[in-house]
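Coordinates in review
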Amino acid sequence: MGHMDIAKKLSELGWTLPAAPKPVGAYVPAVRTGNLLFISGQLPVWSGKLIAEGKVPSDVNVEMARKAAAQCAVNALAIVADELGGDWSRLVRVVRIGVFVQCEVGFHDQAKVANGASELLQEVFGDAGKHARATVGVNALPLNAAVEAEFLFEVS
Amino acid sequence: MGHMDIAKKLSELGWTLPAAPKPVGAYVPAVRTGNLLFISGQLPVWSGKLIAEGKVPSDVNVEMARKAAAQCAVNALAIVADELGGDWSRLVRVVRIGVFVQCEVGFHDQAKVANGASELLQEVFGDAGKHARATVGVNALPLNAAVEAEFLFEVS
Amino acid sequence: MGHMDIAKKLSELGWTLPAAPKPVGAYVPAVRTGNLLFISGQLPVWSGKLIAEGKVPSDVNVEMARKAAAQCAVNALAIVADELGGDWSRLVRVVRIGVFVQCEVGFHDQAKVANGASELLQEVFGDAGKHARATVGVNALPLNAAVEAEFLFEVS
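This one's a predicted model, so the numbers in the text were calculated from it and none came from an experiment. (Residues numbered from 1 in each chain as written. Chains lettered and ligands numbered in written order. Predicted model: local features only at pLDDT ≥ 70, side-chain atom pairs only at ≥ 80, totals over all residues.)

Looking now at the relation of the copies chain B and chain C. Relative to chain C, chain B is turned by 120° and slid 0.0 Å along the rotation axis, the superposed coordinates differing by an RMSD of 0.0 Å. Such values leave the two copies arranged in the relation of a three-fold axis. Of the interface residues in chain B, just 7% have counterparts in chain C that sit at the interface too, so the contact is made through distinct surfaces. (Least-squares fit on C-alpha atoms with pLDDT ≥ 70 in both. Contact = placed C-beta atoms within 7 Å.)

Take a look at the structure:
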């Protein structure tokens, strides 16, 4: 799949592929080892601002948190685009995603939130977008983001 | 090791190998890349119900939470069995497990809980069951599970 | 880089390479699969005691928590030294680190804390120390540690 195709596919889904987000600490956006490409934990940042800040569901409802998880995935794809020099034919598949939801005690719909990222990846990549996943709730996230997600891809 | 042997070994330990659990979201139970088999985060589900719900130690005591962690491992093995077509000789070793314990602030025995999964894997696979591990507490988990655990295996 | 060089480099930075820490549960310090070396979650232990206990920032301030994260990295390097038989030329690079900060609700500087580990790895290994990272807050950690960090290295 070419870069234009992925950008177009995202656009059809209502998303824009941004410039690859800068890390918020002393790490790098991605590291490749063998055929594995590890993407650092992404926050739901768009145009330099968090689109979902605080706890789910009190500050951020589930629908908005889903969108935030999808934004994390879009941001990860921007980094993958950079790493692959825009050559999406080198992306073999999504392997695993880890999703952390900043939430209240007593909230148990983390899976619905994480589906925002998972469904986007499958809409964009089809079967190659299917992945293993671990999703948990946490009491606090960097910059007060409502969601953080990390990604592991297989590339060639 | 054949499939019957693993099922028998589990049975001797008091466990039954279930049908592979269905994901609770838009992801797949397992993804293989190279010789690595990533298993999604497992909840302590048995016969369609959580065997440990709520926080450790107030709602679920440490002994029960240990059992729940072991159930997560058993469920992961059901998925591995599926992936390997029942041919356990293709399982090389357990590489890493990640264990998340839903707990009260002030609870610090997460390692004892996670040992439920770790000890089961070593009882079943011997040296090949020894693994790296990261164990933490969290304030909330999907479906109000007391424990969630993800697994990484090396296969051939 | 030879073992003495790493020990000397750490010493220049004010750290001492300890004996490899023992696991606090039924797991092993490290597992190698292919060229990947997975290091179990490390706690900020020095001379058998936690150097940072409790929550950030109420019990442990950010500066101390940064130091604790660096201690986790130093302890991981002690395990790597063991695994490589002291032959650091076999370390290719740091791939990923996962950092868990035990913190109060409302604390959002987890990245500053995790930088303690990230900066140390880059000071020691230069470009080979640059890594992908996922950093989150949690409500509780094993033994009441303020920080836990796990590490993934590429080795040859």
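Now that the structure has been shown, we can carry on.
Here we come to the interface of chain C and chain A. Contacts between chain C and chain A engage 27 residues on the former and 24 residues on the latter. Looking at the side of chain C that touches chain A, the elements with two or more residues in it are strand 5 (91-102), helix 3 (110-125) and strand 6 (132-138) of chain C. When the residues that make up the side of chain C that touches chain A are grouped by side-chain class, the tally is 11 nonpolar, 11 polar and 5 charged. (Helix = DSSP H or I, 4+ residues; strand = E, 2+ residues; numbered from the N terminus. Nonpolar A, V, L, I, M, F, W, Y, C, P; charged D, E, K, R; others polar.)

Attention now moves to the interface of chain B and chain C. Frequently, the measure chosen for interface size is the accessible area removed from exposure when the parts meet. Each side of the interface is counted separately: chain B has 27 residues, and chain C has 24 residues. The set of elements that each furnish at least two residues to the side of chain B that touches chain C consists of strand 5 (91-102), helix 3 (110-125) and strand 6 (132-138) of chain B. Its residues placed into classes, the side of chain B that touches chain C shows 11 nonpolar, 11 polar and 5 charged.

All names here are of chain A. An ideal rise of 1.5 Å per residue puts 32 Å on 22 residues; helix 2 (residues 62-83) measures up with 32 Å between its terminal C-alpha atoms. When you tally the buried positions in helix 2, you get 18 out of 22 residues, the bulk of the element. A positive backbone phi angle near 60° is found at Gly85, which sits one or two residues after helix 2. (Expected span 1.5 Å × (residues − 1). Buried ≥ 20, exposed ≤ 12 C-beta atoms within 10 Å, placed from the backbone.)

Each packed pair of helices is defined by two parameters, the angle between the axes and the distance between the axes. Residues and elements named next belong to chain C. Between helix 2 (residues 62-83) and helix 3, the shortest axis-to-axis distance is 7 Å and the interhelical angle comes to 40°. Considering their axes alone, helix 2 and helix 3 lie oblique with respect to each other. Handedness of the crossing formed by helix 2 with helix 3: right-handed. Residues Val62, Ala65, Arg66, Lys67, Ala68, Ala69, Ala70, Cys72 and Ala73 of helix 2 pack against Lys112, Val113, Ala114, Asn115, Gly116, Ala117, Leu120 and Leu121 of helix 3. (Axes fitted to C-alpha atoms, helices over the stretch in contact; angles between N-to-C directions. Parallel < 35°, antiparallel > 145°, perpendicular 65-115°, else oblique. Left-handed = near helix turned anticlockwise from the far one by under 90°.)

All names here are of chain A. Read across the open sheet, the 5 strands follow the order 1-2-7-5-6; overall the sheet is mixed. Two strands lie at the open edges of the sheet, namely strand 1 (30-33) and strand 6 (132-138), each paired on one side alone. Adjacent strand axes in the sheet meet at a mean angle of 15°, parallel and antiparallel pairs treated alike. Sheet topology places strand 2 (residues 36-42) next to strand 7 (residues 147-155); 5 bridges connect them, and they run antiparallel. Note that in strand 7 the partner of Ile39 across the bridge is Phe151. This element, helix 2, spans strand 1, strand 2, strand 5 (91-102) and strand 7 of the sheet and lies at about 40° to strand 7. Those strands touched by helix 3 (residues 110-125) are strand 5, strand 6 and strand 7, and its axis lies near 160° from that of strand 5. (Pairing = 2+ DSSP bridges.)

This part covers the nonpolar core. One finds Ala69 and Val147 of chain A, Ala69 and Val147 of chain B together with Ala69 and Val147 of chain C to be the most contacted residues of the largest nonpolar core, which totals 179 residues. Residue contacts for Val147 of chain A: discarding those within four places in its chain leaves Pro44, Ala52, Ala65, Ala68, Ala69, Cys72, Val99, Phe100, Val101 and Val113 of chain A. (Core = buried A, V, L, I, M, F, W, Y, C linked by C-beta atoms within 7 Å.)

In this section: the sheet that holds strand 2 (residues 36-42) of chain B. Strand pairing in a sheet takes place through backbone hydrogen bonds and is either antiparallel or parallel in direction. All names here are of chain B. Spatially, the 5 strands line up as an open sheet ordered 1-2-7-5-6, and their pairing is mixed. The open sheet is flanked by strand 1 (30-33) and strand 6, the only strands paired with a single partner. For this sheet, the mean inter-axis angle between neighbouring strands, taken without regard to orientation, is 15°. Relative to strand 2, strand 1 is paired through 4 bridges, and the arrangement is antiparallel. From the neighbouring strand, Arg32 faces strand 2, where its bridge partner is Leu37.

Turning our attention to the relation of the copies chain C and chain A. Placing chain C over chain A gives an RMSD of 0.0 Å and needs a rotation angle of 120°, together with 0.0 Å of translation along the axis. In this assembly, only 7% of the residues forming the interface of chain C have copies in chain A that are likewise at the interface, indicating a heterologous arrangement.

Before going further, it helps to spend a moment on helix 3 of chain C. Residue and element names in this part refer to chain C. Helix length check: helix 3, at 16 residues, gives a terminal C-alpha distance of 23 Å against a target of 22 Å (1.5 Å per residue), a fit within 8%. Gly116 marks the point of greatest bend in helix 3, at about 35°. Across the 16 residues that make up helix 3, a large majority, 13, are buried. (Bend = angle between axes of the 7 residues up to and from the residue.)

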